[in-house]
Amino acid sequence: MGKSLFSGENLTCVRGGRNVFIGLSFHLTESSVLILEGPNGSGKSSLIRILSGLLRARTGTLTWQNEDATNEPEIFQKHIHYIGHRNAIKPVLTVQENLSYWSGLDQNDTDLDKALDQFNMLPLKNTPANLLSSGQSRRLALSRLLASRKKLWLLDEPSVGLDVASVKLLEHVIDQHLLTGGSVIFATHSPIDVKAPTRLNLREYSPLYNNALINLDDEEECWV
Amino acid sequence: MNGFLNIVSKDLRLALRQRSDLTMAVLFFILTAMLFPFGLGPEPNLLARIAPGIIWVTALLSVLLSLERIFLADYEDGSLEQLVLSCASLEIAILAKVLAHWLTTGLPLIMAAPLIALLFNMDTEAITILLIAMLLGTPSLSLIGAIAGTLTLGARRGGVLIPLLVLPLYIPTLIFGVGAIDAAMNSLEAGAVIANARPHLLLLGAILLVSLLITPLAGAAALKQALE
């Protein structure tokens, strides 16, 4: 068991007046992987947004390296890299310009080439991003992970649109990240093969799928 | 500081690559202002008298056209989330985006304004004051407009909401912007032009300072809300 990196206790997420999940807890140690599973609408994306600090949980606490960060997401925000459903790519900029903007690095920095190479994007370096296929766009978004080194990666369905070979590249990159002391939390529906993952199934915390929570759901609404 | 320049240069580069965005506001400005002589008839005295009002109102409307551009594209493609997460200070990032917007909208308007002023038979002293007033006034238009841009992000058809939110807030800039030029045109002695326009210009400066202070704070709060 490694040192504790990030944990949450009793998290409840409310969106549009509906409980997305109730009483969820998780624990992440350094150099480890947490895979979020669960059916559509069970709150995987919402949980990832809460962990990135973009969204606030209705109840519960978040702890970053033994420090209470529930009300101060700034504590962990600078250590995380979040990649959501949208790739944040500007179609009129080239692949390299897109990447160098987000990494804030100089144009000629070799690290960018290395990051692109890891996802096999180097041949497309000077291609305008509007010519990329959806899988290539996804790989460009993922290569940002390597251009700006952060401790924790939060990936929301990272393998969407990727072919088998590209998923292999992603698995390799995640393994490398673990070896250098980083951690990863990702949500996925398709298998991504990584070393010794912990799995968290959100089905049991969702009132949509777990009937035991429906009463709780009503109570919450009366209370609000 | 690095992040600030990074955002400004990226937005400028995007604007230069998508030139239709860049030219739309300024062409709208020139074309609408040119309609007035046709509608009112070629009477030099009348045109010179109403020129300040027409130039300012058409400038406001042209800025309005481009306000949605500041944040909407970034919101839709996910860049805004990344900006919120990766920037040390969201307030600075908003100021950077507003500066880029002013450089691609306000500055072209200022450069086109003398052309329209000549068309309306304004004299050179009034044109000088017009340019100073626009230099002080158009940044406030971008700043105030940016707040509306952030507030309407989540809303459906937010582009329609922006004018309703923004136009009332543009009234002070319009009043003092026109007032400065009127004061300059009505001064009897040649030396008194600046002195007469001065109070109006100072008030335009005050509006600029207040919006410089409010926009980053209000914009950052609205952005966080929009991304929830």
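Here the structure is a predicted model, which means the values were calculated and not measured.

This part is about the packing of aromatic side chains. Residues and elements named next belong to chain A. The final tally for this structure, using the stated rule, is five aromatic pairs over all chains. Seen from their ring centres, Phe-6 and Phe-76 are 4.9 Å apart, and the 45° between their planes marks the pair as tilted. Of the two residues, Phe-6 is situated in strand 1 (residues 4-15) and Phe-76 in helix 2 (residues 74-77); the sequence distance between them amounts to 70 residues. One aromatic cluster is present, formed by Phe-6, Phe-26, Trp-64 and Phe-76 through successive ring pairs.

The next point concerns the nonpolar core. Residues Phe-6, Phe-21 and Phe-26 of chain A are the most contacted members of the largest nonpolar core, which totals 100 residues. Among the elements that line this core, the one with the most residues is helix 3 (residues 44-76) of chain B, at 13 residues. Domain assignment of the residues forming this core places at least three in each of domain 1 (1-79 + 150-224) and domain 2 (84-149) of chain A. One finds Ile-35, Leu-99, Phe-119 and Val-194 of chain A within the second-largest nonpolar core, a separate group that totals 30 residues.

Further remarks concern the side chain of Thr-152 of chain B. Residues and elements named next belong to chain B. Topologically, Thr-152 is positioned in the loop between helix 6 (124-151) and helix 7 (158-186). By relative accessible area, Thr-152 is classed as buried at 6%. A polar contact of 3.4 Å, which involves the side chain of Thr-152, links it to the backbone oxygen of Gly-149. Not counting residues up to four positions away in its chain, the partners in contact with Thr-152 are Gly-158, Leu-161, Ile-162 and Leu-165.

Let's shift gears to a nonpolar patch on the surface. All names here are of chain B. Together, Leu-27, Leu-31, Met-34, Leu-35, Phe-36, Phe-38, Leu-40, Leu-46 and Leu-119 line one region of the surface with nonpolar side chains, adding up to about 860 Å² of accessible area. Take the nonpolar patch: its biggest share by element is seven residues, from helix 2 (residues 19-40). Its location among the elements puts Leu-31 in helix 2.

It is worth spelling out the domain arrangement of chain A at this point. Residue and element names in this part refer to chain A. Under the domain assignment, chain A is made up of domain 1 (1-79 + 150-224) and domain 2 (84-149). The centre of domain 1, based on its C-alpha atoms, is set 25 Å off from the matching centre of domain 2. With both chains or domains summed, domain 1 and domain 2 bury close to 1,300 Å², and 62% of this area falls on carbon and sulfur atoms. Scanning the region where domain 1 abuts domain 2 turns up zero salt bridges. Along the contact surface separating domain 1 from domain 2 lie five residue pairs in polar contact (both at pLDDT 80 or more). Ranked by the residues each element gives to the side of domain 1 that touches domain 2, the list is headed by helix 6 (residues 164-179), at six residues.

This brings us to the environment of Val-84 of chain B. Residue placement: Val-84 of chain B occurs in helix 4 (residues 79-86). With a relative accessible area of 11%, Val-84 of chain B lands in the buried category. When the C-alpha atoms of Val-84 of chain B and Phe-29 of chain B are compared, they prove to be 33 Å apart, with 55 residues separating the residues in sequence. Contacts of Val-84 of chain B, omitting those with residues within four sequence positions, involve Leu-54 of chain A together with Leu-90 and Leu-227 of chain B.

Take the pattern of salt bridges next. Pairing is possible between side chains of opposite charge, provided their charged atoms come close. Enumeration over the complete set of coordinates arrives at twelve salt bridges over all chains. Two residues, Glu-37 of chain A and Arg-199 of chain A, come together in a salt bridge whose shortest N-O distance is 2.7 Å. Of this pair, Glu-37 of chain A sits in strand 3 (residues 33-37) while Arg-199 of chain A sits in strand 9 (residues 197-201); the two residues are 162 residues apart in sequence, bridging distant segments of the chain. Of the residues examined, Glu-37 of chain A reaches a relative accessible area of 23% and is grouped as partly exposed. Its salt-bridge partner being Lys-90 of chain A, residue Asp-74 of chain B comes within 2.4 Å of it at the nearest N-O pair. Placement of the pair is Asp-74 of chain B in helix 3 and Lys-90 of chain A in the loop between strand 6 (80-83) and helix 3 (95-103), with the two residues belonging to separate chains.

Turning our attention to the interface of chain A and chain B. Taken together, the contact between chain A and chain B spans 24 residues of the former and 22 residues of the latter. By the criterion of area lost to chain B, the three top residues of chain A are Arg-86, Lys-90 and Tyr-101 of chain A, representing 31% of everything that side buries. On the surface where chain A and chain B come into contact, there are six salt bridges. Between Arg-86 of chain A and Glu-81 of chain B there is a salt bridge, and its shortest N-O distance comes to 3.0 Å. When residues of the side of chain A that touches chain B are traced back to their parent elements, those giving at least two are helix 1 (44-52), strand 6 and helix 3 of chain A. Class assignment for the residues of the side of chain A that touches chain B results in ten nonpolar, seven polar and seven charged.

So, on to the packing of helix 3 of chain A against helix 5 (residues 134-147) of chain A. Residue and element names in this part refer to chain A. Interaxial distance between helix 3 and helix 5 falls to 10 Å at its minimum, and their mutual angle equals 40°. Here helix 3 is positioned oblique relative to helix 5, judged by the angle of their axes. The handedness of the crossing between helix 3 and helix 5 comes out as right-handed. Facing Val-95, Asn-98, Leu-99, Trp-102 and Ser-103 of helix 3, the residues of helix 5 in contact are Leu-140, Ser-143, Arg-144 and Ala-147.

Our next topic: the packing of helix 5 (residues 90-119) of chain B against helix 8 (residues 192-227) of chain B. All names here are of chain B. Across the interface, helix 5 lies against helix 8 with an axial gap of 9 Å and an inter-helix angle of 110°. The angle between helix 5 and helix 8 places the two elements in the roughly perpendicular class. Between helix 5 and helix 8 lies a crossing whose hand is right-handed. Only Leu-212, Thr-215, Pro-216, Leu-217, Gly-219, Ala-220, Leu-223 and Lys-224 of helix 8 make contact with helix 5, whose side of the interface consists of Leu-90, Glu-91, Ile-94 and Leu-95. The residue makeup of the contact of helix 5 with helix 8, split by class, is eight nonpolar, two polar and two charged.

Residues and elements named next belong to chain A. Located in the positive-phi region is Ala-88, a residue other than glycine, with phi close to 55°. Positive phi, close to 60°, is recorded for Asn-120, a residue that is not glycine. Tracing the chain through its elements places Asn-120 in the loop between helix 4 (110-118) and helix 5. Asn-120 sits in the partly exposed class, given a relative accessible area of 45%.

The rules behind each value
- Residues numbered from 1 in each chain as written.
- Chains lettered and ligands numbered in written order.
- Predicted model: local features only at pLDDT ≥ 70, side-chain atom pairs only at ≥ 80, totals over all residues.
- Heavy atoms only, no water.
- Phe/Tyr/Trp six-rings, centres within 6.5 Å; stacked < 30°, edge-to-face > 60°.
- Helix = DSSP H or I, 4+ residues; strand = E, 2+ residues; numbered from the N terminus.
- Core = buried A, V, L, I, M, F, W, Y, C linked by side-chain atoms within 4.5 Å.
- Buried < 20%, exposed > 50% of the residue type's maximum accessible area, 1.4 Å probe, protein only.
- Domains from an automatic or database assignment.
- Polar contact = N/O pair within 3.5 Å; in protein donor to acceptor, adjacent residues only side chain to side chain.
- Contact = heavy atoms within 4.5 Å.
- Patch = residues over 30% accessible without salt bridge, like charges linked within 9 Å, V, L, I, M, F, W, Y side chains within 5 Å.
- Areas by Shrake-Rupley, 256 points an atom, 1.4 Å probe, with all protein chains shown as cover.
- Salt bridge = Lys/Arg side-chain N within 4 Å of Asp/Glu carboxyl O.
- Buried area = accessible area lost by both parts, 1.4 Å probe.
- Nonpolar A, V, L, I, M, F, W, Y, C, P; charged D, E, K, R; others polar.
- Axes fitted to C-alpha atoms, helices over the stretch in contact; angles between N-to-C directions.
- Parallel < 35°, antiparallel > 145°, perpendicular 65-115°, else oblique.
- Left-handed = near helix turned anticlockwise from the far one by under 90°.

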